[in-house]
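If you want the building blocks of each chain, they are given just below.
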Amino acid sequence: MSHQINKAVVIGSGTMGAAIAAHLANAGVRVTLLDIVPKDAPSSDKAARNKIANEGWDRCLKAKPANLMSSDLKTLVSLGNLEDDFGAVAEADWVIEAVVEDLKIKQTLMAHIDEVRKDASIVSTNTSGIPVHAIAEERSKEFKKHFLGTHFFNPPRYLKLLEVIPTEDTSKDVIESISQFGEMRLGKGVVICKDTPNFIGNRVAFGTGAFALDYILRNDYSVEEVDAITGPLMGRPKTATFRLIDLVGVDVWDHVGRNLAPLIPHDKLAQKYLQADAPNRLIVSLLERKWLGNKTKIGFYKEVRKEDGGSPQGASREFWSLDLKTLEHVAPSKPRFDSIKAAKDVSDLGARLKVFLDADDKAAKLIQALTYQSFQYASTLLPEIADSPKPIDDAVRWGFGHEAGPFEIWDKLGVKETVKRMSAAGYAPAKWVEAMLKSGTESFYQYKAGERIGVYDVTKQKIIRFKSSSHVVVLKKQKVISQNDGATLYDMGDDVACVEFHTKMNTLDDDIFNVVAEALDRTEKDFAGLVIGSEAGNFSAGANLFMVVVGAQQGLWDSLEAAVCKLQNLNMRMRYFPKPIVVAPAGMALGGGCEIVMHASRVVASAESYIGLVELGAGVIPAGAGTKEIVRRIINPAMKTENAEVLPFLQRAFLQIGQARVSTSAQEARQMAILNPQDRVVMNRERLLAEAKREVLHMGAAGYHPPAPEQIYAAGRDMLGALRVGTFMFEAGKFISEYDAHIAGKLAYVMCGGDLTRPQWVSEQYILDLEREAFLSLCGEEKTQARMWSILQTGKPLRN
């Protein structure tokens with residue numbers, strides 16, 4: 001990558017621009033966020049002149065979910081205005097324009113940027129609808145070489161898609177540099193797009209979305225029915241259809257659709273539905289009422305609070321859906337359909353959809369129509385917006401959170417058979433699909449051992465093989481050394497082994513413990529190091545609560561104690577293992593999963609890792625060496641300073657476990673001392689295992705050796721008394737229940753080293769014995785068992 005991006009400027013501090021600035025900060029880039037000067041701002045009042053940028057950034061910081069991965073990162077962002085601080089553009093490596101969607105305004109801004117930008121700087125626009133080449137008209141030759149579109153999807157931190165739209169003048173080096181930076185530093189899935197209206201993601205979304213609204217209204221579906229049908233059952237997010245429009249904003253949905261229609265007069269399929277009367281009248285009615293969705297707290301849904309004591313605050317919430325005929329919000333009704341009952345437990349997406357495609361009730365008919373039309377429409381867009389199905393599938397998955405794109409699903413259903421069904425239902429595909437089938441190619445992708453290795457190129461009329469990448473490790477391609485129902489041990493090559501968990505939610509059980517123990521034995525003899533990680537969405541949700549609560553109720557105390565000892569011993573063995581062990585968490589790493597993370601030689605974490613010790617929600621305390629480790633990490637360093645006061649550090653550690661805090665990112669996990677300063681954060685989830693393997697090899701080459709055994713600072717009974725007083729005050733103030741206080745007392749006892757008469761340094765094993773004893777004693781309590789059953793049966797903690 002010849003272009004180094006260390007400084008950036010984002011122009012436009014609206015929702016999108018500020019969030020882009022935040023995500024650049026997440027990647028460690030220094031950013032200047034600029035906006036216009038208010039008309040009435042005095043020339044001498046800098047705060048007033050920066051008001052628009054300040055307000056935009058403030059909204060960005062308050063947004064939920066958070067745009068920044070850590071509050072510490074906000075120091076990377078500077079604020080300014082386009083008159084006083086435009087000099088920042090001259091120093092920037094990348095200038096991103098995210099101003100109002102007005103061609104004249106954008107062109108004027110680009111003229112000013114052209115005057116001051118440095119020779120090698122890249123300039124991009126985040127436009128979602130204006131032709132990219134038009135924005136750079138009349139600019140210098142060098143400007144045009146370094147100019148392109150970079151369309152982030154909102155919110156940029158969470159949605160993986162980054163559409164890169166070069167013009168005919170954009171240099172290949174700039175395209176490659178932005179693409180590589182987007183993938184490696186920003187963690188994006190980059191799709192190279194043609195400069196066509198709305199590019200790929202929004203073009204597909206609005207062509208299919210406009211059809212969906214029209215079909216729903218013509219066939220008398222309710223909002224609640226549609227969202228029950230078109231979410232996870234179809235491999236889509238829980239936001240489904242109408243919750244998604246509320247999230248995006250009814251006004252934004254209307255704006256994008258109205259802007260798109262005149263840009264694609266040739267697209268007869270889309271025009272039919274974008275111009276449909278009933279959907280447009282519905283959207284206009286919502287706009288007139290200012291029912292814009294989540295931003296106005298009313299749209300296709302509105303929240304209704306019921307003063308019925310259903311929650312600790314004395315009020316429960318319901319989300320009432322809009323009656324599409326009366327435009328009044330109605331109470332939830334929980335629609336039920338036979339096809340949903342038949343399909344809901346089918347895990348494979350293709351098999352699940354086949355259930356609906358063979359059924360004949362109202363839910364099945366909606367899924368059939370949406371599925372067949374999405375296939376039809378996507379096929380007609382090739383080769384206009386892309387030469388092969390892959391960019392469309394990638395854009396749909398990464399931009400909208402679908403489990404699979406339309407062509408991937410089509411392959412799962414069988415292309416030839418589905419074409420017959422589509423045509424019979426009135427959704428005939430583009431002619432190139434029939435031509436592809438007649439040529440003997442029966443799927444859009446070429447597969448080997450279940451993996452996609454190539455894709456059909458419509459312009460070349462043949463399969464094009466994918467380039468292999470050394471940055472991605474696919475575990476199913478690795479050699480299996482050993483496996484059982486809970487985990488598999490792989491040989492990753494280059495003398496590195498890997499343990500993958502594969503229980504439900506990767507909950508920890510004896511099968512996992514056995515494979516980890518075997519992996520340590522084999523690594524000690526045969527490998528340079530070990531990776532513990534997987535390709536699953538979550539690293540581990542913690543211990544198998546069912547095993548724990550059933551064991552407790554049956555009085556299997558020896559078995560329970562043996563299981564706790566096994567996890568403690570495995571974690572301690574990892575901590576002092578002679579070869580590097582790299583743990584690679586992504587998604588949730590809770591309870592015992594967090595404890596495994598904290599005992600690695602090093603952690604290489606996905607940026608979106610949510611890590612924490614949550615055992616108190618299940619009525620117990622961390623007992624797989626987690627309590628010991630938090631004390632070691634938070635209290636020990638402070639108490640190695642002479643005359644240090646332990647109480648503030650003890651309170652921090654106590655509250656972190658006692659409040660069951662979970663990090664909102666890997667960066668925040670570092671603030672919580674769950675990750676160490678030397679641990680790495682990887683922005684691109686797909687590269688996680690490859691980077692973990694690379695770290696094992698690097699540590700081995702650098703002469704890794706385990707740390708020396710460390711004693712733990714035990715604060716003793718005086719500090720135990722202080723924690724008990726604090727707990728009593730929380731209980732008295734009704735912030736916690738009586739049983740919460742009971743569990744907190746057990747936690748305080750362990751963290752202080754028991755009822756010691758004076759502070760002292762104790763062995764790690766001393767604390768391990770205390771936490772194990774506290775865990776087992778709490779498992780014997782009825783209220784703890786009730787909490788465990790509540791989590792197992794409802795997924796929610798019980799406050800008893």
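It should be emphasised that the depicted structure is a prediction, and the values quoted were computed from it without experimental measurement. (Residues numbered from 1 in each chain as written. Predicted model: local features only at pLDDT ≥ 70, side-chain atom pairs only at ≥ 80, totals over all residues. Heavy atoms only, no water.)

### Focus: the overall build of the protein
Here's step 1: A tally of regular secondary structure across the protein gives 33 helices and 25 strands.
Here's step 2: Here the C-alpha coordinates of the protein stretch approximately 80 × 70 × 60 Å along the principal axes.
Here's step 3: Each of the 800 residues in the protein was classed as buried or not, and the buried ones make up 55%.
Here's step 4: Long-range pairs, those at least 24 residues apart, make up 69% of the contacts in the protein with a sequence separation of at least 6.
Here's step 5: As displayed, the protein has an accessible area near 35000 Å², and 52% of this comes from carbon and sulfur atoms.
Here's step 6: In the protein, which carries 97 positive and 100 negative side-chain charges, the distance between the mean positions of the two groups comes to 2 Å. (Helix = DSSP H or I, 4+ residues; strand = E, 2+ residues; numbered from the N terminus. Buried < 20%, exposed > 50% of the residue type's maximum accessible area, 1.4 Å probe, protein only. Contact = heavy atoms within 4.5 Å. Areas by Shrake-Rupley, 256 points an atom, 1.4 Å probe, with all protein chains shown as cover. Lys, Arg positive; Asp, Glu negative; His and termini not counted. Charge placed at Lys NZ, Arg CZ, Asp CG, Glu CD.)

### What to know about the packing of helix H1 (residues 15-26) against helix H3 (residues 51-62)
Working note: a packed helix pair is described by the angle between its axes plus the distance between those axes.
Here's step 1: Two elements in contact, H1 and H3, have axes separated by 9 Å at closest approach and are oriented at 65°. In the crossing of H1 with H3, the sense of the turn from one axis to the other is right-handed. Seen from H1, the contacting residues are Ala18, Ala19, Ala21 and Ala22; seen from H3, they are Gly56, Trp57 and Cys60.
Here's step 2: Within the contact of H1 with H3, the residues separate by chemical class into 6 nonpolar, 1 polar and no charged. (Axes fitted to C-alpha atoms, helices over the stretch in contact; angles between N-to-C directions. Left-handed = near helix turned anticlockwise from the far one by under 90°. Nonpolar A, V, L, I, M, F, W, Y, C, P; charged D, E, K, R; others polar.)

### Some thoughts on the packing of aromatic side chains
Here's step 1: Considering all chains together, one arrives at 22 aromatic pairs under this definition.
Here's step 2: An aromatic cluster of three or more residues is present, and its members are Phe375, Phe407, Trp410, Trp432, Phe444 and Tyr456.
Here's step 3: Of note, Arg289 hangs over the ring of Trp291, and the distance from its end group to the ring centre comes to 5.4 Å. (Phe/Tyr/Trp six-rings, centres within 6.5 Å; stacked < 30°, edge-to-face > 60°. Lys NZ or Arg CZ within 6 Å of the ring centre and 35° of its normal.)

### Details of unusual backbone geometry
Here's step 1: Look at the link from Asn154 to Pro155: it is a cis peptide, with omega at 0°.
Here's step 2: Residue placement: Pro155 occurs in the loop between strand S6 (147-152) and strand S7 (161-166).
Here's step 3: Here Leu382 and Pro383 are connected by a cis peptide whose omega angle stands at 5°.
Here's step 4: Of note, Pro383 is situated in the loop between helix H17 (362-380) and helix H18 (389-400).

### Structural notes on the confidence of the model for the protein
Here's step 1: Residues of the protein with pLDDT of at least 70 account for 99%, and the chain-wide mean is 95.
Here's step 2: Here residues 309-313 is a poorly scored stretch, pLDDT under 50, and it has 5 contacts once near neighbours within four places are set aside; other chains count. (pLDDT = per-residue confidence, 0-100.)

### Quick word on the side chain of Thr125
Here's step 1: Tracing the backbone through its elements, the reader meets Thr125 in strand S5 (residues 122-125).
Here's step 2: A distance of 2.5 Å separates a polar atom in the side chain of Thr125 from a polar atom in the side chain of Glu97.
Here's step 3: From its side chain, Thr125 meets the backbone nitrogen of Thr127 in a polar contact 3.1 Å long.
Here's step 4: With residues up to four places along the chain from it excluded, the contact list for Thr125 reads Glu97, Lys106, Met110, Val132, Ile135, Phe147, Leu148, Gly149, Thr150 and His151. (Polar contact = N/O pair within 3.5 Å; in protein donor to acceptor, adjacent residues only side chain to side chain.)

### Some remarks on the environment of Glu83
Here's step 1: Summarising the element assignment, Glu83 is placed in the loop between strand S3 (77-81) and helix H4 (88-91).
Here's step 2: Here Glu83 falls in the exposed class, since its relative accessible area comes to 56%.
Here's step 3: For the pair Glu83 and Pro709, spaced 626 residues apart in sequence, the C-alpha to C-alpha distance is 59 Å.
Here's step 4: Ignoring anything within four residues of it in the chain, the contact list for Glu83 reads Val37 and Arg49.
Here's step 5: In terms of polar contacts, Glu83 uses its side chain to reach the side chain of Arg49, at 2.9 Å.

### Details of helix H32 (residues 764-779)
Every α-helix winds through 3.6 residues per turn, so residues three or four apart in the chain are directed the same way.
Here's step 1: Across its 16 residues, H32 extends 23 Å between first and last C-alpha, which sits within 8% of the 22 Å expected from 1.5 Å per residue.
Here's step 2: Inspection of H32 places Glu764, Ile767, Leu768, Leu770, Glu771, Arg772, Ala774, Phe775, Leu776, Leu778 and Cys779 among the buried residues, and these make up the whole buried set. (Expected span 1.5 Å × (residues − 1).)

### A short note on helix H23 (residues 545-553)
Here's step 1: Inspection of H23 places Leu545, Val548, Val549, Gly551 and Ala552 among the buried residues, and these make up the whole buried set. The buried residues of H23 all sit within an arc of 160° when viewed along its axis, so they share a single face.
Here's step 2: Between a side-chain oxygen at the N-terminus of H23 and the backbone nitrogen of Phe546 the separation is 3.1 Å; the capping residue is Asn544.
Here's step 3: With its phi angle positive at about 70°, Gly555 sits one or two positions after the end of H23. (Arc of directions from axis to C-beta.)

### Some remarks on the packing of helix H19 (residues 406-413) against helix H20 (residues 415-425)
Here's step 1: Where H19 contacts H20, the axes come no closer than 6 Å and their chain directions differ by 100°. Put simply, H19 runs roughly perpendicular to H20. Every residue of H20 that contacts H19 at Trp410, Asp411 and Leu413 is listed here: Val415, Thr418, Val419 and Met422.
Here's step 2: Residues belonging to the contact of H19 with H20 are distributed by class as follows: 5 nonpolar, 1 polar and 1 charged. (Parallel < 35°, antiparallel > 145°, perpendicular 65-115°, else oblique.)

### Observations regarding the sheet that holds strand S10 (residues 316-322)
Here's step 1: Sheet architecture is open: 3 strands sit in the order S9-S10-S11, paired in antiparallel fashion. Each edge of the open sheet carries a strand with a single partner, namely strand S9 (301-306) and strand S11 (329-330). (Pairing = 2+ DSSP bridges.)

### Notes on the sheet that holds strand S16 (residues 487-493)
Here's step 1: As summarised here, the arrangement of the 7 strands in space is S15-S16-S17-S18-S19-S21-S23, forming an open sheet in which the pairing is mixed. Either end of the sheet is taken by a strand with one partner, and the two such strands are strand S15 (479-483) and strand S23 (680-682). Averaged over all pairs of adjacent strands, the angle between their axes in this sheet comes to 25°, without regard to strand direction.
Here's step 2: Pairing between strand S18 (residues 529-533) and strand S19 (residues 581-584): 4 bridges, direction parallel. In the strand pairing of S19, Leu530 is matched with Ile581.

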